[in-house]
Amino acid sequence: MIRKIIKIDEEKCNGCGACAAACHEGAIAMENGRAKLIRDDYCDGLGDCLPQCPCGAITFEEREAAAYDEAAVQAAKQKKQEKSKEGVVQPGCPGMQARALKQNQADTAGASQPVQEPASRLAQWPCQIKLAPVQASYFENARLLIAADCTAYAYAQMHEAYMKGRVTLIGCPKLDAVDYSEKLTEIIKNNSIQSVTVLRMEVPCCGGLEAAAKKALQDSGTCIPWQVVTISVDGRVLQQL
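Cut-off values and rules
Residues numbered from 1 in each chain as written. Predicted model: local features only at pLDDT ≥ 70, side-chain atom pairs only at ≥ 80, totals over all residues. Heavy atoms only, no water. Helix = DSSP H or I, 4+ residues; strand = E, 2+ residues; numbered from the N terminus. Contact = heavy atoms within 4.5 Å. Areas by Shrake-Rupley, 256 points an atom, 1.4 Å probe, with all protein chains shown as cover. Salt bridge = Lys/Arg side-chain N within 4 Å of Asp/Glu carboxyl O. Buried < 20%, exposed > 50% of the residue type's maximum accessible area, 1.4 Å probe, protein only. Phe/Tyr/Trp six-rings, centres within 6.5 Å; stacked < 30°, edge-to-face > 60°. Lys NZ or Arg CZ within 6 Å of the ring centre and 35° of its normal. Pairing = 2+ DSSP bridges. Axes fitted to C-alpha atoms, helices over the stretch in contact; angles between N-to-C directions.

Colleague: Residues and numbers for the overall build of the chain, please.
Modeller: Within the chain one finds seven helices and eleven strands. Within the chain, counting contacts between residues at least 6 apart in sequence, those at least 24 apart form 70% of the total. As displayed, the chain offers around 13,200 Å² of accessible surface, 51% of which is attributable to carbon and sulfur atoms.

Here it is as structure tokens:
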């Protein structure tokens, strides 16, 4: 049948993977560092991937293509979720491969050994909101930290005070120019999230991150503890609500 479907210009593609993350149907995959439409019947022709591409590498075209197969898409999603929960690494861009990180949580204070570098408390990868999967094993029963990019640079105790014991997702609503609420809603709704902490800067543009988190909590239909922490530009905790 002749229908509208996406077209990817591999010459323009920079391999960022944003389109693959935005494609809820799994029609796009990263192969050899470039985005590729892997199955016509997975593409619904709505183009959620188009505005995410920073290179203008994705357009629409009308051509002979298999009809959109929603049943096949749902089956593929289920299979992917099962593999994710089993810890199976999915093929594609290395920067988008979901994985749990086993950090050393031991407190070495007072131990009779040389002073070690502070331990990272990042519990998973990827940590960017745009690249994170909506369902993964590390989200189950997780305490979720939704943090503005700049907080890690402004607040010196970021890892120990807020990231330790939490799954961290970061973003900047001003630079990304996207509404995170839809993605965050899916993450909260599809996983047993125990609590949500929003860590933002005092600057007005960070209000977009707080608003997206609040909307996600409301739209997910869940009732879980949440708080908002505001950091000053000189690295102080200004407010914790």
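Colleague: Describe the pattern of salt bridges, with residues and values.
Modeller: Counted by the stated rule, this structure contains eleven salt bridges. Its salt-bridge partner being Glu210, residue Lys214 comes within 2.8 Å of it at the nearest N-O pair. One end of the pair, Lys214, and the other, Glu210, are both in helix 7 (residues 207–219), four residues apart, so they sit about a helical turn from each other. Relative accessible area serves as the criterion here: at 36%, Lys214 is assigned to the partly exposed category. A residue is classified by how much of its surface remains accessible, and Glu210, at 15% relative accessible area, is buried.

Colleague: I'd like a description of the packing of aromatic side chains, backed by residues and values.
Modeller: Scanning the entire structure with this criterion turns up two aromatic pairs. Ring centres 5.7 Å apart and planes at 55° place the aromatic pair Tyr155 and Tyr162 in the tilted group. Given a relative accessible area of 16%, Tyr155 falls into the buried group. Exposure remark for Tyr162: the relative accessible area of 7% places this residue in the buried category. Its guanidinium or amino end placed over the ring of Phe60, Lys4 lies 4.5 Å from that ring's centre, counting from NZ or CZ.

Colleague: I'd like a description of the sheet that holds strand 9 (residues 195–201), backed by residues and values.
Modeller: Taken in spatial order, the five strands line up as 8-7-9-10-11 in an open sheet, and their pairing is mixed. A strand with exactly one partner marks an edge of an open sheet, and here the two such strands are strand 8 (167–171) and strand 11 (237–240). Along the sheet, successive strands turn relative to each other by an average axial angle of 20°, direction set aside. Bridging between strand 10 (residues 226–231) and strand 11 involves three bridges; their strand directions are antiparallel. Counterpart to Thr230 in the pairing with strand 11 is Gln239. Helix-sheet contacts for helix 6 (residues 181–190) involve strand 7 (143–148), strand 8 and strand 9, and the interaxial angle to strand 7 is about 170°. Along the sheet face, helix 7 touches strand 7, strand 8, strand 9 and strand 10 and points at about 165° away from the line of strand 9.

Colleague: Could you give an account of the side chain of Thr230, naming the residues involved and the relevant values?
Modeller: In this structure, Thr230 sits in strand 10. If near-sequence neighbours (up to four positions away) are discounted, Thr230 is found in contact with Arg200, Met201, Glu202, Arg236, Val237, Leu238 and Gln239.

Colleague: Residue-level account of helix 6, with values.
Modeller: Every buried residue of helix 6 is accounted for by Ser181, Lys183, Leu184, Thr185, Ile187 and Ile188. Buried residues in helix 6 make contact with strand 7, strand 8, strand 9 and helix 7.

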